[in-house]
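Remarks on the overall topology
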Amino acid sequence: MLIMGTNSWEMDVPEDMMVEQALEFSEMLRSQGIAELQGFWIANDKRLLWCSWETDNLNALKEAFAEMNEQSGLTSELTEIKQIFPE
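These figures come from a predicted structure and were not determined experimentally. (Residues numbered from 1 in each chain as written. Predicted model: local features only at pLDDT ≥ 70, side-chain atom pairs only at ≥ 80, totals over all residues. Heavy atoms only, no water.)

Some remarks on the nonpolar core
Definition in use: To qualify as a nonpolar core, a set must consist of buried Ala, Val, Leu, Ile, Met, Phe, Trp, Tyr and Cys residues joined through side-chain atoms within 4.5 Å. When accessible area is computed with a 1.4 Å probe and restricted to protein chains, residues below 20% of their type maximum are described as buried, those above 50% as exposed, and intermediate ones as partly exposed. Only DSSP runs of H or I with at least four residues qualify as helices, and only runs of E with at least two residues qualify as strands; both kinds are numbered from the N terminus onward. Residue contacts are defined here by distance: any two heavy atoms, one from each residue, within 4.5 Å place the two residues in contact.
Counting 18 residues, the largest nonpolar core has F25, L29, W53, L61 and F65 as its most contacted members. Elements represented by at least two residues in this core include exactly α1 (15–31), β3 (48–54) and α2 (58–72). No other element matches the 5 residues that α2 contributes to this core. Not counting residues within four places of it along the chain, the set of residues in contact with F25 comprises W53, A64, F65 and M68.

Given below as structure tokens:
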């Protein structure tokens, strides 16, 4: 299933640091077999980051995000998404 993560934060964080942390988190999830990052987008001036994931284990993904949020101070929301392509 495809999942969209919407992440926000309160403090100023350099964009390169946020990108590096997002990529490290994504590699950890991939190496543990939890999820594969499909893409991510950042609007650092708005303190927002969106990421899309392919996973068969939504509960493990939710747990990983909860732990990451506790450690980083981010706030995240995970939502199942469906891709729609015109025929």
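After that view of the structure, there is still more to cover.
A few points about a negative patch on the surface
Operational definition: Patch membership requires more than 30% relative accessible area and the absence of a salt bridge. Residues of like charge join within 9 Å; the nonpolar side chains Val, Leu, Ile, Met, Phe, Trp and Tyr join within 5 Å. Working definition of accessibility: Shrake-Rupley area with a 1.4 Å probe, residue cover restricted to the visible protein chains. The term salt bridge refers to a side-chain nitrogen of Lys or Arg lying within 4 Å of a carboxyl oxygen of Asp or Glu. His residues and chain termini do not enter the charge count, which takes Lys and Arg as positive and Asp and Glu as negative. Just so you know, the charge point we use is NZ for Lys, CZ for Arg, CG for Asp and CD for Glu.
A cluster of like negative charges, contributed by E15, D16, E20, E24 and D45, occupies part of the molecular surface. Its place among the elements puts E15 in helix α1.

As for the sheet that holds strand β4 (residues 75–81)
As a reminder, the rule being used: The pairing criterion for strands is at least two bridges between them, as found by DSSP. Whenever a helix is involved, its axis is fitted only over the stretch in contact; in every case the axis is a line through C-alpha atoms, and angles between N-to-C directions fall within 0 to 180 degrees.
Spatially, β2-β3-β1-β4 is the arrangement adopted by the 4 strands of the open sheet, whose pairing is antiparallel. The sheet is open, and its two edges are formed by β2 (36–43) and β4, each paired on a single side. Adjacent strand axes in the sheet meet at a mean angle of 20°, parallel and antiparallel pairs treated alike. Pairing analysis gives 7 bridges linking strand β1 (residues 2–8) to β3, with the strands arranged antiparallel. Bridged to L2 within β3 is E54. Along the sheet, α1 contacts β2 and β3; its crossing angle with β2, the most-contacted strand, is approximately 165°.

Structural notes on unusual backbone geometry
Backbone geometry places R47, a non-glycine residue, at a positive phi of 60°. Structurally, R47 is set in the loop between β2 and β3.

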